[in-house]
6 protein chains.
Amino acid sequence: MTKLSLLGVPHDGNSSFMRGPAEAPPLIRAELFSDCYGGSSETGVDLLADGVILDHGDVAFDDGGDPWTAIELAVAAALEPGHPLITLGGDHAVTWPILMSVHRRHGPVSILHIDAHPDLYDAYQDNPRSHASPFARIMEQGLASRLVQVGLRAIHPDHRAQFERFGVEAIEARHCSPLPKLRFDGPVYISLDLDGLDPSCAPGVSHREPGGLTTRQVIELIQSIDAPIVGADIVEYNPRCDLGGMTATVAAKLVKEIGGMMVNARPASAGS
Amino acid sequence: MTKLSLLGVPHDGNSSFMRGPAEAPPLIRAELFSDCYGGSSETGVDLLADGVILDHGDVAFDDGGDPWTAIELAVAAALEPGHPLITLGGDHAVTWPILMSVHRRHGPVSILHIDAHPDLYDAYQDNPRSHASPFARIMEQGLASRLVQVGLRAIHPDHRAQFERFGVEAIEARHCSPLPKLRFDGPVYISLDLDGLDPSCAPGVSHREPGGLTTRQVIELIQSIDAPIVGADIVEYNPRCDLGGMTATVAAKLVKEIGGMMVNARPASAGS
Amino acid sequence: MTKLSLLGVPHDGNSSFMRGPAEAPPLIRAELFSDCYGGSSETGVDLLADGVILDHGDVAFDDGGDPWTAIELAVAAALEPGHPLITLGGDHAVTWPILMSVHRRHGPVSILHIDAHPDLYDAYQDNPRSHASPFARIMEQGLASRLVQVGLRAIHPDHRAQFERFGVEAIEARHCSPLPKLRFDGPVYISLDLDGLDPSCAPGVSHREPGGLTTRQVIELIQSIDAPIVGADIVEYNPRCDLGGMTATVAAKLVKEIGGMMVNARPASAGS
Amino acid sequence: MTKLSLLGVPHDGNSSFMRGPAEAPPLIRAELFSDCYGGSSETGVDLLADGVILDHGDVAFDDGGDPWTAIELAVAAALEPGHPLITLGGDHAVTWPILMSVHRRHGPVSILHIDAHPDLYDAYQDNPRSHASPFARIMEQGLASRLVQVGLRAIHPDHRAQFERFGVEAIEARHCSPLPKLRFDGPVYISLDLDGLDPSCAPGVSHREPGGLTTRQVIELIQSIDAPIVGADIVEYNPRCDLGGMTATVAAKLVKEIGGMMVNARPASAGS
Amino acid sequence: MTKLSLLGVPHDGNSSFMRGPAEAPPLIRAELFSDCYGGSSETGVDLLADGVILDHGDVAFDDGGDPWTAIELAVAAALEPGHPLITLGGDHAVTWPILMSVHRRHGPVSILHIDAHPDLYDAYQDNPRSHASPFARIMEQGLASRLVQVGLRAIHPDHRAQFERFGVEAIEARHCSPLPKLRFDGPVYISLDLDGLDPSCAPGVSHREPGGLTTRQVIELIQSIDAPIVGADIVEYNPRCDLGGMTATVAAKLVKEIGGMMVNARPASAGS
Amino acid sequence: MTKLSLLGVPHDGNSSFMRGPAEAPPLIRAELFSDCYGGSSETGVDLLADGVILDHGDVAFDDGGDPWTAIELAVAAALEPGHPLITLGGDHAVTWPILMSVHRRHGPVSILHIDAHPDLYDAYQDNPRSHASPFARIMEQGLASRLVQVGLRAIHPDHRAQFERFGVEAIEARHCSPLPKLRFDGPVYISLDLDGLDPSCAPGVSHREPGGLTTRQVIELIQSIDAPIVGADIVEYNPRCDLGGMTATVAAKLVKEIGGMMVNARPASAGS
């Protein structure tokens, strides 16, 4: 039986404006496992049933080594048992080292990247590892065969040049009513920056950008994926900006919906 | 002239995770009658005009008797003058005794049940009166001729068996874009659990379930009802989880829109 | 090159229920110029590039004169260089004196008025300058050739009489799914009351009215305008009711999107 | 046996900056009677025991008459059974009509007035009934034999002149460490403006003035009163400024501590 | 070198009003280890230096056994290496099984119990394991030689009888200005219910009781202990009631100050 | 007549964990000048009377030059008219360049530094301009004759070495009950980091450190100064962490109390 692997990534050292996402993993887990909620995805998979979740704990960063190596190794270990993996927390910079290991195991993936920002700066504040730059690295290194960005609404002219350079499929928030129909062939990786959602749904992010997707729309995107999802990250949850814990609850819900699609690869309509 | 009866139901003794909804009635009333807002429904009925609202106060629970009896009797008394009734507050468990009295007066009603959860457990935590179980009781006892649930997104496998058993029309949140067109024949009862709304619109609920209906969608559902609405409950407002009083304002708005449809039974489009 | 003029209007003396909007201008500016965000509108105009914004500061009210005269003179001065103007803050009462000067420069404009309330009372609490009355004054004086109100959901019977009297095009919130297509001919003025948005998106307003437009919908309305926008106001932001500064961020985002359309008068689709 | 009379005063029409205190009475009651808390005062009186509280409901203002008359009559009726009375809610303006009836029954009382502001303006914004002026009226009319103000920290020069004129004993917040020892002879009336507390303890007030008393200090003042307390008001709770309902809880606690001293007139030390 | 053992106790199944404290452990850890703060106690012990903290993770409750046994065994294992232990989270009910194991290792301890409530009910809502009853069990079973309760301010008459029966030293909040000087002889155990603090300092508790200790006073109590501290619990943090994460920060601070006293048993004045 | 000069310093580029204090100046001004409050200090000086405040606006940082030079020059210009100066906002790093200009005008001053942290690191994260290091620079350069730090409660061992090196008078929070009596001879400069206050009073800071001073205690410290105060800064207000705007109100109150002491150099007791 397919299980769902989880791995926390408590790292926010490349955030440009404020830190906080390093504190996200335990808070998302607290909501995910709380008695307050049921464990079923909308597609009918009970993720909290015995043995479904394989929790690999958090990446440890305290040994003084390069954190990028630590993330790569921990992701590689978490992928080892062969189950799909969702990483919890961290800022968006962590997607680069995660993809290094995902690529090693699965080859170039199609990335569904939900975000307000393209995160394609060649470097930001002279930092090539910036949380504003991971997809420049990922595309340069050929870690993805396809990059589909959905929900964009804070695009710098530099980004538009990168769209061309890397062949990015950029779907702006203003073109999301109704949502575009996406088709994927090979293995899919979801990179979910919570600021892709509207701040009314997910206020707990470092850079709130009004005009985003609703939680419903993000779930609809997830449930529409018609190819195996091998990995996902849920990043940029910043508890220091949250209102009454709302965003942790949203993150946990999205873990359940992505996990439900991973464990049960049939499209959502089959579950009703 | 048709009036609108109100009755507070300050009871949350069957909540499974946290209490608070017992405190809702006065807070909803405070928003409903505040000088901050006008009294007109969107369909053009001024609910705050003299003599429109007949407020029956709150059910009293201090006499040591069975609270279910107290609710039944108070609802029966509030229905006595023949006007439609909206009950304010309480957890969802209270819908069962309310329906007992509604059924006695109006016979089996069609229920439009807006909620994130089906609330159809045979029992929850061994409690058959649990706020997770009222519709199992209601359907067993034949208090409703039809149960239409809208906005569901936390469905346990046990619920799906109950859907079959009771012939429930379950419309999940993921099938609400666009909203389904509903048709009702006989008298309609609305059971409105505020967690049917998305937590961005109604954060003040014990069990936030992201991905829900917008306030606008709930109003649209209400305004689309083409049959007499004889009763309604607005339940599960938990002020202890609210953010800046937002959910009390939403509850009061929904009282006005349901009340507007009750007092003026013409469909909404006729009012514009 | 077209620039964007800004002017703060820190005045809330005609608010009927609570004050606060006088404090809005510096808070909107803080969000607009914060390093936390980029400066590009979704239509590709970088408003924070050198020389694009011409900030005229705030209207000064401390000289003891009539504040309406102060607003008129300051708006006239801010319009003098010939650039489009967005005023920041204040309650909705300030739109009347602003329009006096806009009319003097541009003649009768078409007003796109986004709001939960028509603000057409002949007077409110005996105050003809009330924030519930500016459009009665504006239409009486012929300052606008057309008044299109979008997002209405708190309409008093008196308002419906005023709709007739002034030929107002009233588009209620319940008729905004999907949004109506608007066509404008002459110069357009946008009067944006933040309570036109749903309180989930903009909680920081004196009179929260659930069931409103999403931020996305308001941006879509703005980007759909196919005529020159000569002026705009963003009013009724009340920081004393806000949650975690969310509404200031929304206001700043809307400045960017309106400004983007003003500076680059091509419709939004041309920018992608 | 002495009982405790309660009366809600939902009136805020004389507030100078923002309204909201009219909504306070039901919210304070919700906290007072919530199952979340016990009913015992610190001095050992169980206020929630059967028959201790005699709730006279709220003053009704809907008959179009002078609200001051309505308050006077309702207070007179609530005092009629001969028990001490605590009024809940309203802005500070209501203390004047309350004292009219208190004076009629008890003659001139000693007032312990806890507040950040002296509320002694002859008139404010030309309104002699302003919430900034009640004690000017009370002292002019000789309704009190003594006025002791504690916690003051926003004193206008006009107030200092009034201190002289009326012989006010003004104890500023900066002279409250340690608290002064107060001695009262005749019947005492407590007028408790919640902004006398520090905003960290009571954020839900229209005019937050940092540097105030702690809740502990206010309780200590109450428990130190060595004369019969015949009446009290708890005013200026503004739910629209509150944070997570904190101030309603504080108000309910203070009802219990004042009520405990009223019902059990022995000084607090006797209860331990 | 003395280390500090930590153990999370995610259990709130005996809470009477609302659940939530089961979610506390990861949130307290997130604050304790955040880069936002330094790791030094005020007494000069750097708890975040390598090897000082020995984290035993959380008690696991998923095996279907009696949770009380699970707590006892986990505490026994955490005490095994011989270091003092602080448990994180849970409601106050967990103190009973914790003390079972503490007693087995250290014999009867002196308990410094900081709380708004005595938690001495023989049973509450018929539950002898209620979070309102642990100290009845502990004293009956002779697990403590002495019980000193500080900060009490919600005392039921039943509690006063239990004070007598068990020889409790009850120090009420109203007798804490100034704080009493405490003297301990044998090993000390601190049971720290966060509702002992004033809600202004620690709003994130299920039962807010205004008039409590300041964070400063609690730290002063901790630093005044002149005997070895062998164990401590920090209970009743309920993240669902918190405001902006304030209470998690307070809990982490108190871990540091208790830990600083445990690791460095010299009284605080020696560290300055 | 002495006036009070104000200058905003919107800079937070040297913050180690999160940005935000750059946005503080307009928010503090909004509270300072709001109609919600009076303008009198507790010592009887009306700061909002005509001509008392001389507002020099904000330091401009947009010219690409060294921001430290910009601050120095702007402070020098603001000191030019000879009035005492309070700077508003920024992180604590800005105190160094401010003191450069204060020293140039007034020579070495006595600094009363209120803070949770000593801010004496030689460098932090390799940044000698860090907001954790300004007082290392100030003392090295001899800009102060005396450094009195009050409210400390997060002291690293490195700091204790710096205390010795620079002869710092370090008064920890645990030694502030009661407050120490301070005596100053020459001109005094107040450097007020809002995290010196307890987070219950000032939650809007980047690094909340529970156990701090109350607002009352900080005012008492200010009012106890018996020497001329020539300058002050109010730093580290981070609106992104604030709760309901509480900290902006506290900052504005402290401007009034410091300003009251500056303009009226007599000690506070003389004003009563």
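Rules of the game
Residues numbered from 1 in each chain as written. Chains lettered and ligands numbered in written order. Predicted model: local features only at pLDDT ≥ 70, side-chain atom pairs only at ≥ 80, totals over all residues. Heavy atoms only, no water. UniProt positions renumbered as here; feature names shortened; annotations may be inferred. Salt bridge = Lys/Arg side-chain N within 4 Å of Asp/Glu carboxyl O. Helix = DSSP H or I, 4+ residues; strand = E, 2+ residues; numbered from the N terminus. Buried < 20%, exposed > 50% of the residue type's maximum accessible area, 1.4 Å probe, protein only. Contact = heavy atoms within 4.5 Å. Least-squares fit on C-alpha atoms with pLDDT ≥ 70 in both. Buried area = accessible area lost by both parts, 1.4 Å probe. Polar contact = N/O pair within 3.5 Å; in protein donor to acceptor, adjacent residues only side chain to side chain. Nonpolar A, V, L, I, M, F, W, Y, C, P; charged D, E, K, R; others polar. pLDDT = per-residue confidence, 0-100. Pairing = 2+ DSSP bridges. Axes fitted to C-alpha atoms, helices over the stretch in contact; angles between N-to-C directions.

An unreviewed UniProt entry lists chain A under the name Agmatinase, with Caulobacter ginsengisoli given as the organism. Entered under Sequence similarities (unreviewed entry) in the UniProt record, the comment concerning chain A runs "Belongs to the arginase family. Agmatinase subfamily."

Let's shift gears to the pattern of salt bridges. All told, the structure shown has 120 salt bridges over all chains when counted by the stated rule. Its salt-bridge partner being E:E31, residue A:R240 comes within 3.0 Å of it at the nearest N-O pair. Taken together, the residues span two chains, with A:R240 in the loop between β8 (229-235) and α7 (246-263) and E:E31 in helix α1 (residues 24-32). This pair shows no difference in class: A:R240 is buried, exactly as E:E31 is. Between C:E140 and C:R137 there is a salt bridge, with the nearest N and O atoms lying 3.0 Å from each other.

This next bit is on the side chain of A:T87. Locating A:T87 in the fold gives a position in strand β3 (residues 85-88). Those residues in contact with A:T87 that sit more than four places away from it in its chain are A:L7, A:V9, A:I98, A:A232, A:D233 and A:I234.

Regarding chain C and chain E, which are not in contact, the minimum distance between any of their C-alpha atoms is 9 Å. Separated without contact, chain B and chain F have their nearest C-alpha atoms at a distance of 9 Å.

With that settled, consider the relation of the copies chain A and chain C. Between chain A and chain C, which share one sequence, the superposing operator has a rotation angle of 120° and an axial displacement of 0.0 Å; the RMSD is 0.0 Å. What the rotation and shift describe, once combined, is the action of a three-fold rotation axis. Ranked by how close their C-alpha atoms come to the rotation axis, the residues of chain A are headed by A:S200, at 3.2 Å. Interface residue correspondence from chain A to chain C reaches only 10%, placing this contact among heterologous pairings that use different surfaces.

A separate point is the interface of chain A and chain C. Listed by partner, the interface residues are 21 residues for chain A and 24 residues for chain C. In this assembly, chain A packs against chain C so that about 1800 Å² is buried in total across both faces, 55% of it on carbon and sulfur atoms. For the chain A face of the interface with chain C, the top three residues by lost area are A:R174, A:R208 and A:P210, together amounting to 34%. The tally of links between chain A and chain C comes to 1 salt bridge. Across the pair A:E209 and C:K253 runs a salt bridge whose closest N-O atoms are separated by 2.8 Å. Run the count over chain A and chain C and you get 6 residue pairs in polar contact (both at pLDDT 80 or more).

It is worth spelling out the interface of chain C and chain D at this point. Contacts between chain C and chain D engage 8 residues on the former and 8 residues on the latter. Here chain C packs against chain D, burying approximately 710 Å² in sum over the two surfaces, 60% of which is carbon and sulfur. In terms of surface lost to chain D, no three residues of chain C exceed C:F17, C:R19 and C:R240, which account for 70% of the buried area on that side. At the junction of chain C with chain D, the criterion picks out 0 salt bridges. Our count for the chain C to chain D interface comes out at 2 residue pairs in polar contact (both at pLDDT 80 or more). When the residues that make up the side of chain C that touches chain D are grouped by side-chain class, the tally is 2 nonpolar, 3 polar and 3 charged.

Further remarks concern the confidence of the model for chain A. As a note on interpretation, predicted positions should not be read in detail where pLDDT is low. Across chain A, the average pLDDT comes to 94, with 97% of residues at or above 70. Predicted confidence for residues 265-272 of chain A stays below pLDDT 50, and this span has 13 contacts to residues more than four positions away or in other chains.

Residue and element names in this part refer to chain F. Structurally, V52 is set in the loop between α1 (24-32) and β2 (53-58). A sequence separation of 61 residues divides V52 from H113, and the C-alpha atoms of the two residues are 26 Å apart. If sequence neighbours within four positions are ignored, V52 has contacts with M1, K3, L4, D46 and L47.

Attention shifts here to the relation of the copies chain C and chain D. Of the two same-sequence chains, chain C is brought onto chain D (RMSD 0.0 Å, axial shift 0.0 Å) by a rotation of 180°. What we have between these two chains is a two-fold relation. Within chain C, C:M18 has its C-alpha nearest the rotation axis, a separation of 1.9 Å. When you check the interface residues of chain C against chain D, 100% turn up at the interface there too, and the contact is symmetric in its surfaces.

We now examine the sheet that holds strand β6 (residues 169-172) of chain F. Residues and elements named next belong to chain F. Spatial strand order, β2-β1-β3-β8-β7-β4-β5-β6: 8 strands in an open sheet with parallel pairing. Only two strands of the sheet have a single neighbouring strand rather than two, namely β2 and β6. Along the sheet, successive strands turn relative to each other by an average axial angle of 15°, direction set aside. By the bridge criterion, 4 bridges tie strand β5 (residues 144-152) to β6 in an arrangement that is parallel. Within β6, the residue paired with L152 across the bridge is E172.

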